[in-house]
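# Examining the three-dimensional arrangement
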Amino acid sequence: MRKTIIISLLAVISLTAYAASEKTLSGNDSGAVYIGRTEVKADGSVSYDWSGVYVQTDFTGGYLAIEASEAGESWHNLFIDGQWVRKLKITGSTPQRIVLAERLSKGTHRLRLQKCTEGQYGCTTIHRFILAKNGSMSPVARKERMIEIYGDSYTCGYGTEGHVANERFRLDTENCDQAYGCIIARYFDADYALTAHSGQGMVRDWGDAKQISDKNMSTRYTHVFDDHGDIDYGFDRYRPQLVMINLGTNDFSPTAIPTDEQYVNAYLKMIATIRSKYEGVKILCITPHSASRYLKAALGLLRERTLGMEDVYMANSLDGMVTEARDMGNDWHPNYQGQKKIAMSLIPQISAIMGWELNDRKIE
């Protein structure tokens, strides 16, 4: 009995000493800057599920952890001082401590934690940041340039870490950071936000027996969350200068394809909404590399309908750019190399539209 009491007292002393050597800050502390759509809860925690949402901070003290919980399963990329460190899985509805950095050198270090899997698989909540007692967190300034991309699995990075086309999808092979949107943002030194969901189109899901699916990107893109609630989004968390739309592959997948009018009318409505929310934004409409003749015909109609519309552009075709032999990962989706090819074809067009100069930065 006495031994048990002594052990318990030692445990309490140890925990007290541990707690005394660190401090905690709320998930929405001003030193943490989130890029993408998030919800701040009454307790100061921050929840998000869209692919690509990232949080950045400059911290001191050599140690940084988060207390996080998850509805489902999410994978995140961890970067310290601009270098990729590892991919980490977050799961479990009970808040848990996840150490992101420890035993670092003195001085300020920059951390970026990026959700690289999409909302249909998980929703992450950051409850607290935990630092060394003498540590601090400072906000990272937003970049001058901001890009938002509306898309599907190609934008989410579905299967980018896969090896061959006939390899089945696993969540740990999805990585939006290796998809064309993030690659383009890196090249132009821009912040970015992804509003994308695999298997969905402008009006129809992949293989749906109905021409208009009950849930599609037209019903999702105005929400704070992809798949964890229907809270309306105020389009006020960021202000992009460029929006890219890459939707249509799933609309015109086999079975009951929509009419050109159904697809184009929804597309025009999305364009109108985006223009009303982001004054002066330029919009680039992309023809996917896998576009069927039906999708190409519908996009031809879209080109006619947007002709003369200010700040709305149609990207050049990406036909034949992604090959099965070298450029595909899981389930016939572009791997990292295929995604780089897509990015490389769009970068000159973006440069012309935005007046952003090309540079010697590596496309990666």
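Details of the structure are given in the entry above.
Residues numbered from 1 in each chain as written. Predicted model: local features only at pLDDT ≥ 70, side-chain atom pairs only at ≥ 80, totals over all residues. Heavy atoms only, no water.

In terms of regular secondary structure, the protein chain is built from seven helices and 16 strands. A compact globule built from 364 residues would reach a C-alpha radius of gyration of about 21 Å, and the protein chain, at 22 Å, matches this within 12%. Relative to its full complement of 364 residues, the protein chain shows a buried share of 55%. Just so you have it, the protein chain exposes about 16100 Å², and 52% of that area is on carbon and sulfur atoms. Here the protein chain contributes 41 positive and 44 negative side-chain charges, whose respective centroids are spaced 5 Å apart. (Helix = DSSP H or I, 4+ residues; strand = E, 2+ residues; numbered from the N terminus. Rg over C-alpha atoms; globule rule 2.2 N^0.38 Å. Buried < 20%, exposed > 50% of the residue type's maximum accessible area, 1.4 Å probe, protein only. Areas by Shrake-Rupley, 256 points an atom, 1.4 Å probe, with all protein chains shown as cover. Lys, Arg positive; Asp, Glu negative; His and termini not counted. Charge placed at Lys NZ, Arg CZ, Asp CG, Glu CD.)

The geometry of helix α3 (residues 180–187) relative to helix α7 (residues 336–354) is characterised by a closest axis approach of 8 Å and an angle of 50° between their N-to-C directions. Judged by the inter-axis angle, α3 sits oblique to α7. The two elements α3 and α7 cross, and the hand of that crossing is right-handed. Contacts between α3 and α7 involve Tyr-180, Ile-183, Ile-184 and Tyr-187 from the former and Tyr-336, Gln-339, Lys-340, Ile-342, Ala-343, Leu-346, Ile-347 and Ile-350 from the latter. Class assignment of the residues belonging to the contact of α3 with α7 gives a composition of 10 nonpolar, one polar and one charged. (Axes fitted to C-alpha atoms, helices over the stretch in contact; angles between N-to-C directions. Parallel < 35°, antiparallel > 145°, perpendicular 65-115°, else oblique. Left-handed = near helix turned anticlockwise from the far one by under 90°. Contact = heavy atoms within 4.5 Å. Nonpolar A, V, L, I, M, F, W, Y, C, P; charged D, E, K, R; others polar.)

As a further point, take the nonpolar core. Counting residues in each nonpolar core, the largest one holds 99 residues, and the members touching the most others are Phe-129, Ile-184, Ile-245 and Ile-350. Setting aside anything within four residues of it in sequence, one finds Ile-184 in contact with Ile-147, Met-244, Ala-343, Leu-346, Ile-347 and Ile-350. (Core = buried A, V, L, I, M, F, W, Y, C linked by side-chain atoms within 4.5 Å.)

The subject of this paragraph is the packing of aromatic side chains. For the coordinates displayed, the defined rule picks out 12 aromatic pairs. Here the aromatic rings of Tyr-150 and Tyr-221 are separated by 5.8 Å at their centres, their planes lie at 85°, and the arrangement is edge-to-face. Of this pair, Tyr-150 sits in strand β12 (residues 145–151) while Tyr-221 sits in the loop between α4 (217–220) and β14 (242–246), and the two are 71 residues apart along the sequence. A ring pair is formed by Phe-235 and Tyr-278, whose centres lie 5.9 Å apart and whose planes are at 70°; its orientation type is edge-to-face. One end of the pair, Phe-235, is in the loop between α4 and β14; the other, Tyr-278, is in the loop between α5 (260–277) and β15 (282–285), and 43 residues separate them in sequence. Each member of the pair, Phe-235 as well as Tyr-278, is classed as buried. (Phe/Tyr/Trp six-rings, centres within 6.5 Å; stacked < 30°, edge-to-face > 60°.)

Next up on the list: the pairing of β15. Both β14 and β15 contribute to a ladder of four bridges, which runs parallel. Looking at β15, one finds that Val-243 is bridged to Ile-283. Once the chain exits β14 it traverses α5 before rejoining the sheet at β15, and the crossover so formed is right-handed. Here β15 runs beside strand β16 (residues 312–314); their pairing, made up of three bridges, is parallel. (Pairing = 2+ DSSP bridges. Right-handed = clockwise from strand over helix to strand, strands pointing away.)

With that settled, consider α3. Note on helix geometry: an α-helix contains 3.6 residues per turn, so any two residues three or four positions apart are oriented the same way. When you tally the buried positions in α3, you get seven out of eight residues, the bulk of the element. The complete set of buried residues in α3 reads Tyr-180, Gly-181, Cys-182, Ile-183, Ile-184, Ala-185 and Tyr-187. Buried-residue contacts for α3 involve β9 (109–115), β12, α2 (153–156), β13 (190–196), β14 and α7. Looking one or two places after α3, you find Asp-189, whose phi comes out positive at around 50°.

Okay, unusual backbone geometry next. Positive phi is not limited to glycine here, since Phe-235 has a value of about 55°. The class of Phe-235 is buried, set by a relative accessible area of 2%. Even without a glycine there, the phi angle at Trp-332 is positive, about 60°. Residue placement: Trp-332 occurs in the loop between β16 and α7. Taking the relative accessible area as the measure of exposure, Trp-332 reaches 44% and is therefore partly exposed.

Under the counting rule described, the total for this entry stands at 18 salt bridges. Residue Arg-220 is joined to Asp-226 by a salt bridge in which the shortest nitrogen-to-oxygen separation is 3.2 Å. Its relative accessible area of 6% is what places Arg-220 among the buried residues. Where salt bridges share partners, they join Glu-167, Arg-170 and Asp-172 into one cluster. (Salt bridge = Lys/Arg side-chain N within 4 Å of Asp/Glu carboxyl O.)

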